[in-house]
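# Descriptive analysis of the structure
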Amino acid sequence: MADPQLPAPPVEAGAALVRLGDLPLADLLAGAGDGVLAHVLGTLAAGDEPGRQLDVSAFESSF
Amino acid sequence: MSAGAPTSAAAHHADHAGAAAGGAPPEPVPAHRAAPATGDPSPAADNDMPPPPRVRQLVLKVHSRCNLACDHCYVYRHADQRWRERPRVIAPGTVARVAQRLGEHLARHRSDRVRVVLHGGEPLLAGPTVLDRIVRTLRGALPPGAVLDVGVQTNGVLLDDEFLALCHRHGIDVGVSLDGDRAANDRHRRYPDGRGSFADVAAALRLLGRPEHRSRWAGLLCTVDVDNDPLGVYESLVAFDPPRLDLLLPHGNWSAPPPRRRPGGTDTPYGDWLVAVFDRWYPTAPRRTGIRLFESLIALVLGGRSGTRALGFAEPDIMTVETDGTIEGTDTLKTTDDASMRTGLDVFRHSFDEALRHPSLAGRPTGPAALADQCRACPVLSACGGGLYAHRFRAGAGFAHPSVYCPDLYRLIRHVQRVVAADVEALHRRALADAPARPAGR
């Protein structure tokens, strides 16, 4: 499906559709506040799988 | 429908009175050669080979019936009706074999952690004594040092202090299914006699939300009905203050489409619904709760990994064991009528490694190569990953199709991409503006 308003990014698995750029993640996090994006960036910075905590199932029909 | 026939815990206890009396010991498990679980990479990884597939999560069907008769239930209302032939409750001997197989599997792969989800039907119908024995039997068969995380996914109506004591004793995380406020929830989630379940579930959630129990609360699962107001559903769920929730697309495929989803149509009823919730949830600071679908999507658009099999390139590492010991792939394949997804394997005759080779598990193609041509050419493929595997099915033609939800997923992903891109750009500007004020070297 085409969307002329957004560039076509690479399509391989794991490719970022939004690039964080070359600033350290910690610098981005410093101004991110305590909202949703800050939470996800925090999990990325921690090397975790965002949205997937060790104590929560990834099976979609359960937690 | 007999699946929804009330099956009281008391009746179940009578069936298993011997095992249930007074804290029965865990079932003896046949010995296996258990290597210590070290978390080390497998030998294959040492040779720069991809690690062999392994089970990371086991969905264990402990009770095959339910005390509700929800009309959207994927277990009872879809293609696979084999639940009718299965034991209501998993037998102690079956649990022992599951434990043995799991222990062998972890030892073989030197896995240091696995998650078991006690599932159903309604798992709490098994009763606390049986669940207690199941968890102790599973834990007793693990290799030294391995950790068993346990969750239970329940409709909540039987959740009480006795079950919660069990959950605290074993560290069991409790997920509860609720579809919104009374009107939204009771549209589908009803008792066999037609009564809605909301009041009973709400009472259970108030109990679970108490400070002394909250640590055991994993989250709320909500199945989307686009006839329900999205913001009303979201606010009603958040009112219970869950630690996280998830929004599930009702199961369907190209041959058995979901409600109001026209296969091949360009309308986006589910995408619109989800975007409405996203736009209410995302800007709120501090973050009120997690939404697994959305946080996974944000992570994916940033190049991270998904926390749900509904998005991204999910590895087929979730195995299901039915109450009769049958081994299956992911449970949602029940919504298809693809006979090739029936394994014919069971814990009495087959190891988990043997089962993983089946096409419903790790034996199926994965990654972009497994997807339809139009998926591989799609600009949001890295976030979508083709959507949930079961949603790609077309009778007689398999799974090499886009999700039946393709337009909805595209709408949601593009929206989230735009929002996140704008916020990341703002963070960049802020970080650059703050940079001169920071001490050198930071």
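Criteria and thresholds
Residues numbered from 1 in each chain as written. Chains lettered and ligands numbered in written order. Predicted model: local features only at pLDDT ≥ 70, side-chain atom pairs only at ≥ 80, totals over all residues. Helix = DSSP H or I, 4+ residues; strand = E, 2+ residues; numbered from the N terminus. Buried ≥ 20, exposed ≤ 12 C-beta atoms within 10 Å, placed from the backbone. Expected span 1.5 Å × (residues − 1). Pairing = 2+ DSSP bridges. pLDDT = per-residue confidence, 0-100. Contact = placed C-beta atoms within 7 Å. Right-handed = clockwise from strand over helix to strand, strands pointing away. Nonpolar A, V, L, I, M, F, W, Y, C, P; charged D, E, K, R; others polar. Arc of directions from axis to C-beta. Core = buried A, V, L, I, M, F, W, Y, C linked by C-beta atoms within 7 Å.

Okay, the overall build of chain A next. Counting secondary structure elements, chain A contains two helices and zero strands. Burial statistics for chain A: of 63 residues in total, 37% are counted as buried.

The next point concerns helix α4 (residues 92-109) of chain B. Count 3.6 residues to each turn of an α-helix, and residues three or four apart come out pointing the same way. Residue and element names in this part refer to chain B. Compared with an ideal rise of 1.5 Å per residue, which puts 18 residues at 26 Å, α4 spans 26 Å between its outermost C-alpha atoms and is within 8% of the ideal. Among the 18 residues of α4, 14 are classified as buried, and the element is accordingly described as predominantly covered. Arginine 110 lies just past α4 and shows a positive phi near 50°.

Here the focus is the sheet that holds strand β6 (residues 244-248) of chain B. All names here are of chain B. As summarised here, the arrangement of the ten strands in space is β7-β6-β5-β4-β3-β2-β1-β8-β9-β10, forming an open sheet in which the pairing is mixed. For this open sheet the edge positions go to β7 (290-291) and β10 (345-346), each flanked by a neighbour on one side alone. Bridge count for β6 against β7 is two bridges, and the pairing is parallel. Residue pairing across strands places arginine 244 opposite glycine 290, the latter belonging to β7.

Our next topic: the confidence of the model for chain A. Averaged over all residues, the pLDDT of chain A equals 75, while 67% of them reach at least 70. pLDDT under 50 marks residues 49-55 of chain A. Its contacts with residues more than four places away, or in other chains, come to 23 contacts.

On to the pairing of β6(B), then. All names here are of chain B. Counting buried residues along β6, five of its five residues qualify, which places the element largely inside the surrounding structure. Covered by surrounding structure in β6 are Arg244, Asp246 and Leu248 together with Leu245 and Leu247, the residues of both alternating faces. Pairing geometry for strand β5 (residues 217-223) and β6, over four bridges, is parallel. Opposite leucine 221, over in β6, you have aspartate 246 as the bridge partner. For the crossover from β5 across helix α9 (residues 230-238) to β6, the handedness is right-handed.

A few words now on the interface of chain B and chain A. Note: interface size is frequently given as the accessible area lost on complex formation between the parts. Each partner contributes to the interface: chain B provides 59 residues, whereas chain A provides 43 residues. Mapped by element, the contributors of at least two residues to the side of chain B that touches chain A are β1 (57-61), β2 (113-119), β3 (147-154), β4 (172-177), β5, α11 (292-301), α14 (381-384) and α15 (406-434) of chain B. Sort the elements by how many residues they give to the side of chain B that touches chain A and α15(B) lands first, with twelve residues. Class assignment for the residues of the side of chain B that touches chain A results in 28 nonpolar, 17 polar and 14 charged.

Turning our attention to α9(B). Residues and elements named next belong to chain B. Those residues of α9 that sit buried are Pro230, Val233, Tyr234, Ser236 and Leu237. Seen along its axis, α9 keeps its buried residues to an arc of 165°; they face one direction. Contacts made by the buried residues of α9 are with α7 (182-186), β5, β6 and α10 (269-281).

Residues and elements named next belong to chain B. With 131 residues, the main nonpolar core has Cys222, Leu297, Ile298 and Val301 as its most contacted residues. At eleven residues, the largest contribution of residues to this core is made by α15. Ignoring any residue separated from it by four or fewer positions in sequence, one finds cysteine 222 in contact with Leu178, Asp179, Gly180, Val233, Leu237, Leu245, Asp246, Leu247 and Leu248. If you look at the next biggest cluster of nonpolar residues, it comprises nine residues, including Cys66, Leu68, Cys70 and Trp83.

In this section: the pairing of β4(B). Residues and elements named next belong to chain B. The element β4 is largely enclosed, with a buried count of six among its six residues. Across the two faces of β4 the burial is the same, with Ile172, Val174 and Val176 and Asp173, Gly175 and Ser177 all buried. Bridge count between β3 and β4: five bridges; the pairing is parallel. Looking at the pairing, valine 150 lines up with isoleucine 172 of β4. For the handedness criterion, the β-α-β arrangement of β3, helix α6 (residues 161-170) and β4 is classed as right-handed. Alignment of β4 against β5, held across four bridges, turns out to be parallel. Looking at the pairing, valine 174 lines up with tryptophan 217 of β5.

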